[in-house]
Every structure is written in C-alpha cells, then in structure tokens.
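Given next are the chains, with one letter for each unit.
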Amino acid sequence: RAVAMSVSHSSRLNKLVREQYMRLPQDGRVQVTYVWIDGSGEGVRCKSRTLDKEPKSIEDVPEWNFDGSSTAQAEGSNSDMFLVPVCMFRDPFCLDPNKLVLCEVLKYNRKPAETNLRHTCKKVMDLVKDSHPWFGMEQEYTLLGINGHPYGWPDNGFPGPQGPYYCGVGADKVYGRDIVESHYKACLYAGVKICGTNAEVMPSQWEFQVGPCEGIEMGDHLWMARFILHRVCEDFGVVATLDPKPMTGNWNGAGCHTNYSTEEMRREGGLKHIEAAIEKLSKRHDYHICVYDPRGGRDNSRRLTGHHETSNIFEFSAGVANRGASIRIPRQVGQDGYGYFEDRRPAANCDPYAVTEAIMRTTVLNETGVETKDYADH
C-alpha cells in the first residue's frame, strides 16, 4: 500500500488500452515532439505537431513557437518564443517514424533566451573544433515518489547506512531498476550516446553516462537523455530529481562528473597536456564553480563539502584516482601517460552546455579571471 500511494494516478491507467491506439497506422504522416529548456534552466518542456512526411535531417523540421509567458521565459504581452530545431532523435515512446527534436529557444527579436546556453557554447565549440574535444558526462539522479520522498525508502524512517547500495543487486539494495533499464533502452533506440548505468551510493540514487561526444554534441545528447528520463519516470509514476543534495545528513549528493580530453591529450605523451589544462583550471576555480550549477554555486555548496566523495567548494585540488579531489586523473591514465581527466565539480543539475563551454574557454582559449570573452565578432 505504501508503494502504491507513492506513484502518480496517471501511471495506474491501463497501458494495454494505450497500446491498442499506438498500433494504429499513421498513413505516412509523422508526429514530431519538440523539446526545449524552460526558464528555470533545469526543466524541459515539449509539445508535438504533425508533419506530412518523415524528416530525414534536422533541416526538414520547421521552426515553431510557444507561449513563453507559461514557461517563465517571456511577458504575457509579448509571449511568442521561437523554437529552432538543432538535433533530431528517434522517438522511443511513439516509435518510428516519429521523432524527438531538441530545440534552441529564441526571443521575439531572435536573440537567444536567457536559459539558451547552447548558443554561446556552439560558438566556442566552433572556435576550438581543431582540438577535437571529447566529453563524457556522468549524470547522477535520485528517484522520488510522487510525495517527494525517496522511492522505496521507509515511509517514516531511513534505510540502512550507505555501503551495500552502490552497484548493488537485490530487492533490499536497489529500488527502481525497471525505470533505469527502460530509460537505457529508450536512449539506445533514440540514438542518444548513452554508454552505461549503475546504482549509486545512496539508495534510490542512480547514474547514467553519456559519451564520448565531441563538442556541442555533448550538451545535445545529455539534455535529450534527461528528457527521456523524465518521460520514462512519468510512465512509471515516479519523479527523477537532479537536485545536488536531495537528502540532508549522511547521504551522498548528486553530481555530473565531466570527463574531458583533447586530441593532444589522447596521444602518447598527452599527460603533460592534461597537467597543463589542470593548471589553468586551478587558477579559475571560482569561475567554474559559478557556472557548474544554475544558481551560481549555491546548489553545489550543499554538495561540495569535502565529504561523501567530494572536494571542498572553496578549494581546488587534483590527484590520481582521488575521488575527493576537484579533478581526478584516472589511475590508468597516470600509468599510460595519456588519456583524459575528470572534473568532479559540476552539480547534477548543471547545464552541460555551460560546463563544456567553460572547460574549453579555460583550457583551450586560455581565458582567465571571472569574465568571459565575447567571440561574436570573430
């Protein structure tokens, strides 16, 4: 009874009835679901339209619009916002030939909306494309019941201390694996570059990884993976939160560890380029903390305490195989002398466009200080 009460009412609708309609033919027409980031910088919104034929490329998907006053992105008196398609995926919910389309949001004057961080990220990635930056991001999240309590936790108490849950197996150690495996399959079907998943240290906390992705592709694929996660959770009647510290006390927070390399780091002798990049990052710690969560570091301050496998938010540190450091060099990379490194500071609710852009500005474009350079005229 307790578990039944923690899921949404809509999840208890008869899914077999839905399947009866989903099998109906579409007579050559295609349902396209437009997905965008709302005014919170964290939430995703979507709406669908019919196209007369299947789009073969993103250029075949027309621009659209929406009411920005209902997504905290515009005033009611001038509310139309533009949806500009940028990346297309197969639709794992309505199946082929239907599509999911990630969009940038532009204001009435066709300038990027405040939470459209893809716009500047794309400019920076175009500037640094010759360095061939690869990223892999590890998205941690926590499953909650519809009542806001961690899914599977006792109603009036806590599960046993952390220890047996990380990569765990068994009904007393993991909660919600059906959701995780459904999300994984849905991402594979969609064409999202998901590369793994595991149960995390706190019970009902999970992680999936996306990558390797080059340049702007990292943000595109992680945002679509997040949309698919929320949509899968909707079917199961639970909630996925990206809050960096969903439970206070002796419980792990949630991050979005970012693995990064350039072509020269991946070559033999690349360790010296990795160390040079880390040196640049060490001198710009405050800037990175400000862009690694949507609230200028306030969300991350609850997570980056120096405990629970985190570094202290006020200090920069780096080390080989050190999960308590700001930057971790994997042990294998230290042995081989080339490869990649992991920035462990980004919060689970970070914008991947902001994170990857910041890393490129610091390590390749050699920016310093807290101000960023405007490359619009270059």
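These figures come from a predicted structure and were not determined experimentally.

Details of the UniProt feature "domain: GS beta-grasp" (unreviewed entry) in the protein chain
- Mapped onto this numbering, the UniProt entry gives "domain: GS beta-grasp" (unreviewed entry) at residues 30–110.
- Helix makes up 0% of residues 30–110 and strand 48%, with an end-to-end C-alpha separation of 27 Å.

Some points on the packing of aromatic side chains
- Within the structure shown, the criterion is met by eight aromatic pairs.
- Taking 6.0 Å as the distance between ring centres and 50 degrees as the angle between the ring planes, the aromatic pair formed by Tyr141 and Phe208 counts as tilted. Here Tyr141, found in strand S6 (residues 134–144), pairs with Phe208, found in strand S8 (residues 205–214); they are 67 residues apart in sequence, far enough to count as distant.
- Using a relative accessible area of 0% as the deciding quantity, one classes Phe208 as buried.

Here's the deal with empty space enclosed by the protein
- Counted by the stated rule, this structure contains one cavity of 30 Å³ or more.
- Considering only enclosed or pocket space, the largest cavity measures out at about 80 Å³ in volume.
- As for the largest cavity, its lining consists of Ile37, Val86, Leu102, Cys103, Glu104, Val105, Thr115, Asn116, Leu117, Arg118 and Tyr353.
- A per-element tally of the lining of the largest cavity places strand S5 (residues 99–106) first, with four residues.
- When grouped by side-chain class, the residues that make up the lining of the largest cavity number seven nonpolar, two polar and two charged.

Some details on the environment of Asn65
- With respect to the helices and strands, Asn65 occurs in strand S3 (residues 64–67).
- When the C-alpha positions of Asn65 and Tyr108 are compared, they lie 9.9 Å apart, and in sequence the two are 43 residues distant.

Notes on the side chain of His257
- Relative to the helices and strands, His257 is located in strand S10 (residues 256–261).
- Other than its neighbours up to four places away in sequence, His257 contacts Gly136, Met137, Glu138, Glu140, Arg303, Glu342, Asp343 and Arg344.

Details of the domain arrangement of the protein chain
- Once the domains are mapped, the protein chain shows domain 1 (8–114) and domain 2 (123–362).
- Using C-alpha coordinates to define each centre, domain 1 is positioned 26 Å away from domain 2.
- Taken together, the 21 residues of domain 1 in the interface contact 24 residues of domain 2.
- Each partner contributes to the roughly 2,000 Å² buried at the junction of domain 1 and domain 2, and carbon and sulfur atoms together form 69% of this total.
- If you sort the residues of domain 1 by the area they bury against domain 2, Glu42, Phe89 and Phe93 come out on top, with a joint share of 32%.
- Put simply, domain 1 and domain 2 have one salt bridge between them.
- Between Arg295 and Glu42 there is a salt bridge, with its nearest N and O atoms 2.8 Å apart.
- Between domain 1 and domain 2 we count six residue pairs in polar contact (both at pLDDT 80 or more) in total.
- When residues of the side of domain 1 that touches domain 2 are traced back to their parent elements, those giving at least two are helix H2 (15–22), strand S1 (30–37), strand S2 (44–51), strand S4 (80–90) and S5.

Let's talk about the sheet that holds S4
- An order of S2-S1-S5-S4-S3 is seen for the five strands of this open sheet, with the pairing classed as mixed. Of all the strands in the sheet, the pair left with one neighbour each is S2 and S3. Neighbour-to-neighbour, the strand axes of the sheet open up by a mean angle of 40 degrees, direction not taken into account.

Considering the nonpolar core
- Formed by 74 residues in total, the largest nonpolar core has its most connected members in Tyr141, Leu143, Val192, Met224, Ile228 and Phe341.
- Considering every element that reaches this core, the biggest residue donor is helix H5 (residues 217–236), with ten residues.
- Of the domains in this structure, domain 1 (8–114) and domain 2 (123–362) are the two that each give at least three residues to this core.
- The next biggest cluster of nonpolar side chains, apart from the first, holds 15 residues, and it includes Val32, Tyr34, Phe66 and Leu83.

Quick look at the pairing of S2
- Inspection of the sheet shows S1 paired to S2 by eight bridges, in the antiparallel sense. By the bridge assignment for S2, Val32 is matched with Arg49.

Topic: the side chain of Asp343
- For Asp343, the location among the structural elements is in strand S13 (residues 341–343).
- Judged by its relative accessible area of 1%, Asp343 falls in the buried class.

A look at the pattern of salt bridges
- For the structure shown, the criterion picks out 25 salt bridges.
- The partner of Asp96 in a salt bridge is Arg90, and the shortest N-O contact between them spans 2.6 Å.
- Under the relative-accessibility criterion, Asp96 is labelled partly exposed at 39%.
- On the basis of relative accessibility, which here comes to 33%, the residue Arg90 falls in the partly exposed class.
- The salt bridge involving Arg328 is made with Glu342; its shortest N-O contact spans 2.6 Å. Pair noted here: Arg328 is in strand S12 (residues 327–329) and Glu342 is in strand S13, with a separation of 14 residues, a long-range link. Each member of the pair Arg328 and Glu342 is classed as buried.
- Overlapping salt bridges bring together Glu42, Asp243, Arg295, Asp299 and Arg302 as one network.

Let's talk about the packing of helix H4 (residues 177–190) against H5
- Between H4 and H5, the shortest axis-to-axis distance is 9 Å and the interhelical angle comes to 135 degrees. Regarding the angle of H4 to H5, the classification is oblique. Where H4 crosses over H5, the handedness of that crossing is right-handed. Facing Asp178, Ile179, Ser182, His183, Ala186, Cys187 and Ala190 of H4, the residues of H5 in contact are Ala225, Ile228, Leu229, Val232, Cys233 and Phe236.

Quick notes on the rules
Residues numbered from 1 in each chain as written. Predicted model: local features only at pLDDT ≥ 70, side-chain atom pairs only at ≥ 80, totals over all residues. Heavy atoms only, no water. UniProt positions renumbered as here; feature names shortened; annotations may be inferred. Helix = DSSP H or I, 4+ residues; strand = E, 2+ residues; numbered from the N terminus. Phe/Tyr/Trp six-rings, centres within 6.5 Å; stacked < 30°, edge-to-face > 60°. Buried < 20%, exposed > 50% of the residue type's maximum accessible area, 1.4 Å probe, protein only. 1 Å grid on protein atoms, 1.4 Å probe; cavity = no way out; pocket = protein on both sides within 12 Å on 5 of 7 lines; lining within 4 Å. Points joined across faces, edges and corners; volume = space filled by probe spheres on them. Nonpolar A, V, L, I, M, F, W, Y, C, P; charged D, E, K, R; others polar. Contact = heavy atoms within 4.5 Å. Domains from an automatic or database assignment. Buried area = accessible area lost by both parts, 1.4 Å probe. Salt bridge = Lys/Arg side-chain N within 4 Å of Asp/Glu carboxyl O. Polar contact = N/O pair within 3.5 Å; in protein donor to acceptor, adjacent residues only side chain to side chain. Pairing = 2+ DSSP bridges. Axes fitted to C-alpha atoms, helices over the stretch in contact; angles between N-to-C directions. Core = buried A, V, L, I, M, F, W, Y, C linked by side-chain atoms within 4.5 Å. Parallel < 35°, antiparallel > 145°, perpendicular 65-115°, else oblique. Left-handed = near helix turned anticlockwise from the far one by under 90°.

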